[in-house]
Amino acid sequence: MSNQQKKNTFYGAAAFLAMTTIIVKVIGAIYKIPLTALLSDEAYGDFNGAYNIYTFFLTISTAGLPVALSKTVSECNTLGRQNQKARVFRVAFFAFLFMGVLSFVCMSLFSPIVAKYVLQNEKAVFAVLALSPAVLCTCLCSAFRGYAQGHMNMVPTGISQVIEALCKLFLGLVLAFLILNSAIPDEDLKNRLSASGALLGVSIGSILSVIFLAINHIRTNKRDYKPTSDRPDRSGEILSRLLKLAIPITLSSCTLSIVNIIDTNLVQSQLQSVFTAIQDGLTGINNSVLDIFPKAVEIFQDNLAAFQAEVLVNPDTKLNPILDSARGLYGIYGKTMSIYNLPFNLMVPLTACIVPGVSACIARRDGLGAQRTTESAMRVSALIALPCGFGLFALGTPIIQLLTVGNVDESIAGPLLSILGIASLFVCIQVVASAILQANGIINLPIITMVIGGIAKVIVSYTLVGNPKFMIYGAPIGTLTCFVVVSVLNLLIIKRMVPHPPRLTVVFFKPLIASLIMAAAAWGCQGLLAKVFHGSFLMNAVATAGGILAGVVVYVILIVALRVLSREDLEMMPKGDKIAKLLRVR
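In this report, the structure presented in the accompanying data block is examined. As the structure is a prediction and not an experimental result, all values here were calculated from the model.

1. Considering the environment of D291
- Along the polypeptide, D291 turns up in the loop between α10 (255–279) and α11 (292–313).
- When the C-alpha atoms of D291 and A561 are compared, they prove to be 42 Å apart, with 270 residues separating the residues in sequence.

So this is what it looks like as structure tokens:
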């Protein structure tokens, strides 16, 4: 194969994987947003906590080994060592199997311990159980995916990920809906099972995915098998090399997952501490943030009344006023998190372009080209992230009311989403800045900055969530603190260590001005329309849609009027040349 053919194969494979990644992210968003309307706050708290555990085990099991496997398989292919390649896959497969079985045991046999002590929510046990098959199957999927990627074949990976996402979407939503509309008399049990039903779709998708990948692997091996006489290395040596490659990648990837689990534990336990104090007669908390303390007292009293009514009929009731109150507040927070993650998902295809683009300029010793590419990438990310973040800040309450169909207390959820809207700006900046550092060969420092940000998040969350004046509002403030710290540190590192750093004023100033005016226009328009269209969910939806539309129109006009985009920026987008000609951008 010629160098040009190899280059075409590489970029074609990367493009296919980027496309399927975008599809999977979109399906994931479509999956989680209806769930916020379908599940109760308590059930969504169970769902979110269990999903954090699943993500952690998944990262530990699959972050580094697939990369190590694909790299090693690629080397074997290049050297024509077919027997070595076969043994590498066999060793890796059993390593994946071991990690999968270990994770499965932790999430199945020890699910009560995980739910009670790790999540501080013993009622999440069914949700944890529902995901236990998924982590085993996904580990096996990673073995087949890593092997295929070592052959520059991204099709099995892309198709299997789409299978998982579609099963999660359709089966998860259907199962949750059927359980909620079943004849189960115990409402608390029904809510808990609905969360596990939504997660069971993930497990079914992973089972179908591993079946597809196994069949594809067997067929491909039979078709492409070529006998050779090379002598493979010992299994122990192969495993040692794989682990040396995999462990650093795994450690860097699992940082955020660990922080999320610690944060889940702290938020749940601190909320329960405050509700315990309320049960013991805590009063006199004045000037709490957005009146959260009076709302918390009301939530606790409702749960206490439900418990007292139920215990007369069923002395063995599982209702727990303290735990259920904490689950409810954490579930409201979880519902806003599913919307807050959307701007981050839009950064995925952009960051996929940054590393090869900047790396190519560095390889050509084109410092100014690397600077222009970096500035274009950051400006495009700012053009996406800033309006999303400020839009969520301005319209947090009407947006959460619209997307959850009113199935949430918007007086609590709205401000949570507004705070997270600002946090999403810094999440996007952090992601793009990390990609720029990686493109310049600075690999370890982004990991260190994430650890520092994670520590800041844990400290702030622990302090504020346990304070009756802040309670659940401490959680998004902790998230905001984390990503402000990480973003600022990454940008400082870029300024100090990248040879031709981007000019941050040039990158952010005009998009920031346009986004602030856009947010003000959206807020004002929605407020005016809400006075005219009010009284029903449909009318409120019209007002919210009108506000969003006004914001979009104002933003597009400002982007053109302020000449924010350059030709290089537009060339990073599909049909960019035509857009540049249409807008007369030079």
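2. A short note on the nonpolar core
- One finds F275 and I472 to be the most contacted residues of the largest nonpolar core, which totals 73 residues.
- A per-element tally of this core places helix α17 (residues 410–439) first, with 16 residues.
- Among all residues touching I472, those that are not within four sequence positions of it are V267, L271, I292, L329, Y330, Y333, I412 and L416.
- If you look at the next biggest cluster of nonpolar residues, it comprises 34 residues, including V128, L169, A195 and A198.

3. Focus: the packing of helix α5 (residues 111–118) against helix α6 (residues 125–150)
- At a minimum axis separation of 8 Å, α5 and α6 run at an interaxial angle of 130 degrees. In terms of axis orientation, α5 runs oblique to α6. Here the hand of the crossing between α5 and α6 comes out right-handed. Judged by residue contacts, S111, P112, V114 and A115 of α5 engage V125, V128 and L129 from α6.
- Classifying every residue of the contact of α5 with α6 by side-chain character gives six nonpolar, one polar and no charged.

4. Observations regarding the pattern of salt bridges
- Evaluated as defined, the whole model comprises 14 salt bridges.
- Measuring nitrogen to oxygen at the nearest pair gives 3.7 Å for the salt bridge that ties R81 to D233. A residue pair is termed long-range when its members are at least 10 positions apart, and R81 in the loop between α3 (65–79) and α4 (82–108) and D233 in the loop between α8 (187–224) and α9 (235–253) qualify at 152 residues.
- Among the residues examined, R81 registers a relative accessible area of 22% and is labelled partly exposed.
- A salt bridge links K190 to E187; the nearest nitrogen and oxygen atoms lie 3.5 Å apart. Of the two residues, K190 and E187 are both situated in helix α8; the distance of three residues between them amounts to about one turn of the helix.
- What makes K190 buried here is its relative accessible area of 8%.
- Taken together, the shared-partner salt bridges connect D46, K123, D188, D324 and R327 into one network.

The rules behind the values
Residues numbered from 1 in each chain as written. Predicted model: local features only at pLDDT ≥ 70, side-chain atom pairs only at ≥ 80, totals over all residues. Heavy atoms only, no water. Helix = DSSP H or I, 4+ residues; strand = E, 2+ residues; numbered from the N terminus. Core = buried A, V, L, I, M, F, W, Y, C linked by side-chain atoms within 4.5 Å. Buried < 20%, exposed > 50% of the residue type's maximum accessible area, 1.4 Å probe, protein only. Contact = heavy atoms within 4.5 Å. Axes fitted to C-alpha atoms, helices over the stretch in contact; angles between N-to-C directions. Parallel < 35°, antiparallel > 145°, perpendicular 65-115°, else oblique. Left-handed = near helix turned anticlockwise from the far one by under 90°. Nonpolar A, V, L, I, M, F, W, Y, C, P; charged D, E, K, R; others polar. Salt bridge = Lys/Arg side-chain N within 4 Å of Asp/Glu carboxyl O.

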